[in-house]
Each structure stands twice: as C-alpha cells, then as structure tokens.
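Chain residues, written in single-letter form:
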Amino acid sequence: MNSTVNTEPKERIAVEFTRDEALALTGVEFNANREVKASAQRKIRAAFEKTFDFAPEER
C-alpha cells in the first residue's frame, strides 16, 4: 500500500482526550481500566490517518 503525507509547514492535528487518557499517555498506569490508554492511542491513530492520502498512485 502506497501513501503520501501532506507536508504543509506547521501542520497541526487536534485530538480531544479525557483527563485519564492524557495521563495514560504520559505513563500513568490505570490498572483497574487498561482500556484508557488504548482509547487514547486509537484517537491519535485516527487523527493521523485523516492526514494521510491512501489513494493508489497513478500509473
């Protein structure tokens, strides 16, 4: 699969986290709820996927 990255200068993405998700990404462990960190990582992945163009290259 080929992809290209939109490389505009100072391009930013925004991801909204809960307090627990933000803490989990800094290394705080939530032993009672391990889904917190996974949820935050999915949000980041989804935001980055929106910035990639996954269309096949023209031949």
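A. Layout of the pattern of salt bridges. Here the structure, examined in full by the defined rule, presents 2 salt bridges. Here Glu-21 ties to Lys-43 by a salt bridge, and the two come within 2.8 Å at their closest N and O atoms. Taken together, the positions of Glu-21 in helix 1 (residues 19-25) and Lys-43 in helix 2 (residues 35-51) put the pair 22 residues apart, joining distant regions of the chain. Under the relative-accessibility criterion, Glu-21 is labelled buried at 5%. Residue Lys-43 is classed as partly exposed on the basis of its relative accessible area, which comes to 30%. Among the ionic pairs, Arg-42 bridges to Glu-35, the shortest N-O distance being 2.2 Å. On the basis of relative accessible area, Arg-42 is assigned to the partly exposed category, the value being 42%.

What counts, and at which threshold
Residues numbered from 1 in each chain as written. Predicted model: local features only at pLDDT ≥ 70, side-chain atom pairs only at ≥ 80, totals over all residues. Heavy atoms only, no water. Salt bridge = Lys/Arg side-chain N within 4 Å of Asp/Glu carboxyl O. Helix = DSSP H or I, 4+ residues; strand = E, 2+ residues; numbered from the N terminus. Buried < 20%, exposed > 50% of the residue type's maximum accessible area, 1.4 Å probe, protein only.

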